[in-house]
Amino acid sequence: MEFTWTPEQLDLRSGTRRLLEGRAPLERTRQLAEAGERVDPAAWTAMTQQAGLLALGVPEELGGAGGSRVEQALVFEEAGRVLLGGPLLSTVLAIEALLAAGDDAALEEHLPGLVEGERTATLAVLGSSGRWRPGSPTTVATAGPDGALLSGTEELVLDGAGADLVLVLARAEGGPTLYAVPRDADGLTVEPLDVLDLTRPMARLHLAAVPARPVGLTGGGAAVVERVHRAAAVLVAAEQVGAMDTLVARTAEYARTRRAFGRPIGAFQAVKHRLADMAVRLEMSRSAAAWASFQEPGSADEAFGAAVAASYCGEAFLQAAKDTIQLHGGVGFTWEHDAHLFLRRARAAATLVGPPSEHRAALVPLVLPDLAEVPS
């Protein structure tokens, strides 16, 4: 299979890059992070209402642009270049959950506002374990007067303190089920967390008999979350490729201009080899993320591609961030330099989609389906 970008996809990439470089450059990301602010309202309006980035993965009959995972990945790669934070990723994944659930009433109620950027949303699916465990949620749903009552604690909820809507996976009588909870629901307590990645706020949610409405079929929540997990793995991998691209470009430029012992440091063999390794990891990550984005959502190939991309890109990004700091020497360790922001993002990524080791374990039955039948 040959990967080629269509003219429309190339236009989307270049347009998104211009938008983010103009409205949400890395300098602005840093300012927001240091000020503890969630998002730049003007930039968010430009991204959602003008550029329609949240509508890309939504079918046209539901008011979206009818794009594929490829277009979404292109946008997230550009977002990764500037370490864009805020509610973009959390809202996109919540939209994916609503679409996967196939609940017409929930789509009609929530989707228009999310697509237009007027409201934001997030997923609460990790529970006390802090890992994606769709088959064993910790929050419990009991019968209520107008739906269900949710009780439990949800950890590491991305943008949990700012999202207008929270989709919670809870243990119901018929199996794991997804529920919609508005931010101002009675019994919902939000506890902002101190996080490593300053560009991505997280929160702990305490639910004490919180009224909620089911989204999708009772017992169908696990399948929905599994599908969203694969989408998250692909999009985060694409984002990591964009971040690595920035690191490679900036570090190569520094090696060309920083001089030591009368010549650029890039002339030294040890620096050349480290830069070459960074470039190789970038291209391998780009290939893995692109292949994963081309696969049909819900297919076995998508599961394979998502696991490969998540298992490789995360570690490659982390190593690129470490190499960037080392090759920048003393200045790379300072708070004033941007390198630590990339290292923080790379370290924190495992809390979003799980550590690479977890995805490699998921590859075993896909690559060696008969291994489970071999006696231990």
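Since this is a predicted model, take the numbers as computed values, not measurements.

Draft legend 1. Focus on the overall build of the protein chain. Helices and strands together make up the secondary structure of the protein chain, namely 12 helices and 9 strands. Here the C-alpha radius of gyration of the protein chain, 21 Å, is about what a compact globule of 376 residues would show, namely 21 Å. Each principal axis of the C-alpha distribution contributes one length, and for the protein chain these read about 80 × 55 × 40 Å. A fraction of 73% describes how many contacts in the protein chain between residues 6 or more apart in sequence connect residues 24 or more apart. Total accessible area computed for the protein chain in this model is approximately 16,800 Å², and 54% of it derives from carbon and sulfur atoms. Side-chain charges in the protein chain split into 33 positive and 47 negative, and the spacing between the mean points of these groups amounts to 11 Å.

Draft legend 2. Broad picture of the pattern of salt bridges. Per the stated rule, a full pass over the model turns up 28 salt bridges. Between Glu78 and Arg81 there is a salt bridge; the shortest N-O distance is 3.1 Å. Taken together, the positions of Glu78 and Arg81, both in helix H4 (residues 69–81) and 3 residues apart, correspond to about one turn of that helix. By relative accessible area, Glu78 is classed as buried at 1%.

Draft legend 3. Local environment of the packing of helix H1 (residues 7–23) against H4. One way to put it is that H1 packs onto H4 with a least axis distance of 9 Å and a crossing angle of 30 degrees. Relative to H4, the element H1 lies roughly parallel. The interaxial crossing formed by H1 with H4 has right-handed handedness. The segment H1 lies against H4, with Gln9, Leu12, Arg13, Thr16, Arg17 and Leu20 engaging Val70, Glu71, Leu74, Val75, Glu77, Glu78, Ala79 and Arg81.

Draft legend 4. Quick look at the packing of aromatic side chains. Going through the model one piece at a time under the given rule, you end up with 3 aromatic pairs. Measuring from centroid to centroid gives 6.4 Å for Phe261 and Phe268, while their planes differ by 80 degrees, and the two rings are edge-to-face. The exposure class assigned to Phe268 is partly exposed, which follows from its relative accessible area of 23%. With a centroid separation of 6.0 Å and an interplanar angle of 85 degrees, the aromatic rings of Trp291 and Phe304 are classed as edge-to-face. Taken together, the residues Trp291 in helix H8 (residues 269–293) and Phe304 in helix H9 (residues 300–327) connect sequence positions 13 residues apart. You can call Trp291 partly exposed: its relative accessible area is 27%. A residue is classified by how much of its surface remains accessible, and Phe304, at 30% relative accessible area, is partly exposed. Its end group placed over the ring of Trp5, Arg13 keeps NZ or CZ at 5.5 Å from the ring centre. One cation-aromatic arrangement involves Arg263 over Phe268; the distance from NZ or CZ to the ring centre is 4.3 Å.

Draft legend 5. A look at unusual backbone geometry. Even without being a glycine, Asp159 presents a positive backbone phi close to 55 degrees. If you trace the backbone, Asp159 turns up in the loop between strand E3 (147–158) and strand E4 (165–172). Backbone geometry places Ala209, a non-glycine residue, at a positive phi of 50 degrees. Within the secondary structure, Ala209 is located in strand E7 (residues 202–215).

Draft legend 6. Spotlight on the environment of Arg286. Mapping Arg286 onto the fold places it in helix H8. Overall, the relative accessible area of 25% leaves Arg286 in the partly exposed class. Between the C-alpha atoms of Arg286 and Glu71, which are 215 residues apart in sequence, the distance is 15 Å. Not counting the four nearest positions on each side in its chain, Arg286 is found in contact with Glu77, Val241 and Asp245.

Draft legend 7. Broad picture of H1. With 17 residues, H1 extends 24 Å from end C-alpha to end C-alpha; this agrees with the ideal 24 Å at 1.5 Å per step. Next to the buried residues of H1 lie helix H3 (41–50) and H4.

Draft legend 8. Main features of the pairing of strand E5 (residues 175–182). Within E5, 7 of the 8 residues are buried, which leaves the element mostly enclosed by the surrounding structure. Inspection of the sheet shows E4 paired to E5 by 8 bridges, in the antiparallel sense. Directly across from Leu167, in E5, lies its bridge partner Ala180. Hairpin connection from E4 to E5: 2 residues lie between these consecutive antiparallel strands. Here E5 runs beside E7; their pairing, made up of 3 bridges, is antiparallel.

Quick notes on the rules
- All chains use their own residue numbering, which begins from 1 and follows the written sequence.
- Restriction of local features to residues with pLDDT of at least 70 applies here, the model being predicted, together with a cutoff of 80 or more for giving and counting side-chain atom pairs; totals for whole chains, interfaces and linings are based on all residues.
- For side-chain calculations, the full set of non-hydrogen atoms in the structure is used, while hydrogens and water are omitted.
- Helical segments are the DSSP runs of H or I of at least four residues, strand segments are the runs of E of at least two, and each set is numbered from the N terminus.
- Radius of gyration: C-alpha atoms only; globule rule: 2.2 Å multiplied by the number of residues to the exponent 0.38.
- Contacts between residues were defined by any pair of non-hydrogen atoms, one from each residue, lying within 4.5 Å.
- For the accessible areas, the method is Shrake-Rupley and the probe is 1.4 Å, while residue cover comes only from the protein chains on display.
- Two residue types count as positive, namely Lys and Arg, and two as negative, namely Asp and Glu; His and chain ends fall outside the count.
- For this purpose, a charge sits on NZ of Lys, CZ of Arg, CG of Asp or CD of Glu.
- For this analysis, a salt bridge means a side-chain nitrogen from Lys or Arg found within 4 Å of a carboxyl oxygen belonging to Asp or Glu.
- Three exposure classes are used, based on accessible area relative to the maximum for each residue type with a 1.4 Å probe and protein chains only: buried under 20%, partly exposed in between, and exposed over 50%.
- Axes here mean lines fitted to C-alpha atoms, for a helix over just the part in contact, with angles spanning 0 to 180 degrees between N-to-C directions.
- Here the angle decides the label: under 35 degrees means roughly parallel, over 145 means roughly antiparallel, 65 to 115 means roughly perpendicular, and every other value means oblique.
- Helix crossings are classified by the rotation of the near helix relative to the far one: an anticlockwise turn of less than a right angle makes the crossing left-handed, while a clockwise turn makes it right-handed.
- Stacked, edge-to-face and tilted are the three classes for Phe, Tyr and Trp ring pairs, Trp counted by its six-membered ring, which pair at centre distances within 6.5 Å; planes under 30 degrees apart are stacked, over 60 edge-to-face, the rest tilted.
- Either the NZ atom of lysine or the CZ atom of arginine qualifies as a charge over a ring when it sits within 6 Å of the ring centre and within 35 degrees of the ring normal.
- Multiplying 1.5 Å by the helix residue count minus one yields the expected span of that helix.
- The pairing criterion for strands is at least two bridges between them, as found by DSSP.

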